[in-house]
Amino acid sequence: MSLLLEEIIRSVEALLKLRNRNQEPYVDPNLDPVLLVPGIAGSILNAVDHESGKEERVWVRIFGADHEFRTKMWSRFDPSTGKTISLDPKTSIVVPQDRAGLHAIDVLDPDMIVGRESVFYFHEMIVEMLGWGFEEGKTLFGFGYDFRQSNRLQETLDQFAKKLETVYKASGEKKINVISHSMGGLLVKCFMGLHCDIFEKYVKNWIAIAAPFRGAPGYITSTLLNGMSFVNGWEQNFFVSKWSMHQLLIECPSIYELMCCPYFTWEIPPVLELWREKQSNDGVGSSDVVLESYRSLESLEVFTKSLSNNTANYCGESIDLPFNWKIMEWAHKTKKVLASAKLPSQVKFYNIYGTNLETPHSVCYGNEKMPVKDLTNLRYFQPTYICVDGDGTVPVESAMADGLEAVARVGVPGEHRGILNDHRVFRMLKKWLNVGEPDPFYNPINDYVILPTTFEMKKYHENGLEVASVKESWDIISDDNNIGIAGSTMSSISVSEPGNDQNPQAEARATLTVQPQNDGRQHVELNAVSVSVDA
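No experiment lies behind these values; they were computed from the predicted model shown.

Thoughts on the sheet that holds strand β17 (residues 408-413)
In step 1: The parallel open sheet is built from six strands, whose spatial order is β7-β1-β8-β9-β14-β17. Edge positions in the sheet fall to β7 (140-142) and β17, since each has one partner strand and no second. Strand after strand, the sheet turns through a mean of 20° between neighbouring axes, direction not considered.
In step 2: The sheet contact formed by strand β9 (residues 203-209) and strand β14 (residues 348-355) spans five bridges and is parallel. From the neighbouring strand, Ala 208 faces β14, where its bridge partner is Asn 351.
In step 3: Along the sheet face, helix α4 (residues 154-170) touches β1 (34-37), β7, β8 (176-181) and β9 and points at about 155° away from the line of β1.

Right, here's the structure in full:
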């Protein structure tokens, strides 16, 4: 018994040494560089004190978040420059550049331990790519930015141009694969539209993931009227309040640029609906409740009236924060830039969008029993959504309408941010980035993947016979519901050979079971057994 215990201890010690050994990561020097571009709220932001030079993270932080956020992040839009300027004159907002820009877009609160996955951004994708052979600072880079600003702010576009040049030189003058997520796709498209020559010089492929090319109408409507939460669950108790976030976003050009695009021909135009109490003309002072409907441009009047008395208390001073028409005018010009942007002939474009989730498309406030009497109280009403297919934030119709010549547009069942760590997306990226050996199981034309999930084979001899059994299964992953079937099906296959002087007599039987499609996945299983006379 003591010998067995000693052997166990030696085995554990050997395992610990193996796990703690500093191993060189796998690096593939032949890979083309990748630049990751996040969406709104997807970059760490630090506040720099002008006197001391000290930097303090103000986004994202969980503990003590709301006070620092209001103090350092609240801002006002300057129409003369198109830039949003922090209210605090003693600090400036910067993006940390550690790890070739990846630190700012990896884990948004590195200090958080419990519930850390709630502040992951590109974390899983970065880990995955490092496993493929990418190397930080050589073939893998990040571009974080001040997401409060307009997607066409020249200062941001200059930083992006400098980043492209840096990546190009660091990788040995190889052209770059740009992977953007969400609003990052609008920033990249603005840059492409305004600096097409630079984009063509440095970029090989652009892969847009979950980009709101025509806006996120339902989500942004309720954001402007009610605010938004970036963290769900118990972490909300320690995070930036929904109202503090609302007061920031009222002065953010990026939010206005995510509003419904009025120039796009929607299959069903998004609307803002209000149950209103109207005085009737019966002469006795009674009232009726009616449902009013406003399209995108018409709804601006509602935004203006509902936010007309909106104020924020900043360091004891009351500040007016109405719906900002100057930002709206700026955003209107941004949408023109986005609509006119053209893809350079030498650049390939791919579009991945999320599906299978109820996604806000139109918004309704009030109901027949509790109508909206005063528009200035609209912010206190809970919105109800009319939903369409999408990723929970961006409708499929908006994400697909890139207006560019795409090599492929692929829908993947998944949530807006969760799609960044989806194995189906990773498989597509490996294909389009030419990572590793060609993947024989991936079908880019039909937009589905056949993943082998199980393979077991056994052989044995008994009474002059050779018996072999095989169990193999696959998952077919597709966004096409027509590939699926209503119920399970089972098919049987039987093959036999009579045998001759060269080949022994043999017989094989197999059953093939096909499960119904569920959440974009269809499971197929094969069980087979063969019996032959032992030669």
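Now that the structure is up, let's keep going.
What to know about a nonpolar patch on the surface
In step 1: A grouping of Leu 465, Val 529, Val 531 and Val 533 is seen on the molecular surface, where their side chains present a nonpolar patch of about 250 Å² in accessible area.
In step 2: No other element matches the three residues that strand β23 (residues 521-533) contributes to the nonpolar patch.
In step 3: For Val 529, the location among the structural elements is in strand β23.
In step 4: Residue classification places Val 529 among the partly exposed positions, given a relative accessible area of 37%.

Topic: the packing of aromatic side chains
In step 1: With the rule as written, the count across this model stands at 19 aromatic pairs.
In step 2: Ring plane angle 55° and centroid distance 4.8 Å describe the contact between Trp 206 and Phe 349, whose orientation is recorded as tilted. Of this pair, Trp 206 sits in strand β9 while Phe 349 sits in strand β14, and the two are 143 residues apart along the sequence.
In step 3: Classification of Trp 206 by relative accessible area gives buried; the value is 0%.
In step 4: The exposure class assigned to Phe 349 is buried, which follows from its relative accessible area of 0%.
In step 5: When the centroid spacing of 6.3 Å and the interplanar angle of 75° are considered together, the rings of Phe 213 and Phe 349 count as edge-to-face. Of the two residues, Phe 213 sits in the loop between β9 and α7 (217-226) while Phe 349 sits in strand β14, which places them 136 residues apart along the sequence.

Topic: the pattern of salt bridges
In step 1: Tallying each qualifying case throughout the model produces 16 salt bridges.
In step 2: The closest approach of N and O atoms between Lys 169 and Glu 165, which form a salt bridge, is 3.1 Å. Of this pair, Lys 169 and Glu 165 both sit in helix α4, separated by four residues, roughly a single helical turn.
In step 3: Between Arg 409 and Asp 402 there is a salt bridge, with the nearest N and O atoms lying 2.8 Å from each other.
In step 4: Judged by relative accessible area, which is 30%, Arg 409 ranks as partly exposed.
In step 5: Through salt bridges with shared partners, a single ionic network connects Arg 99, Asp 106 and Glu 136.

Criteria and cut-off values
Residues numbered from 1 in each chain as written. Predicted model: local features only at pLDDT ≥ 70, side-chain atom pairs only at ≥ 80, totals over all residues. Heavy atoms only, no water. Pairing = 2+ DSSP bridges. Helix = DSSP H or I, 4+ residues; strand = E, 2+ residues; numbered from the N terminus. Axes fitted to C-alpha atoms, helices over the stretch in contact; angles between N-to-C directions. Contact = heavy atoms within 4.5 Å. Patch = residues over 30% accessible without salt bridge, like charges linked within 9 Å, V, L, I, M, F, W, Y side chains within 5 Å. Areas by Shrake-Rupley, 256 points an atom, 1.4 Å probe, with all protein chains shown as cover. Salt bridge = Lys/Arg side-chain N within 4 Å of Asp/Glu carboxyl O. Buried < 20%, exposed > 50% of the residue type's maximum accessible area, 1.4 Å probe, protein only. Phe/Tyr/Trp six-rings, centres within 6.5 Å; stacked < 30°, edge-to-face > 60°.

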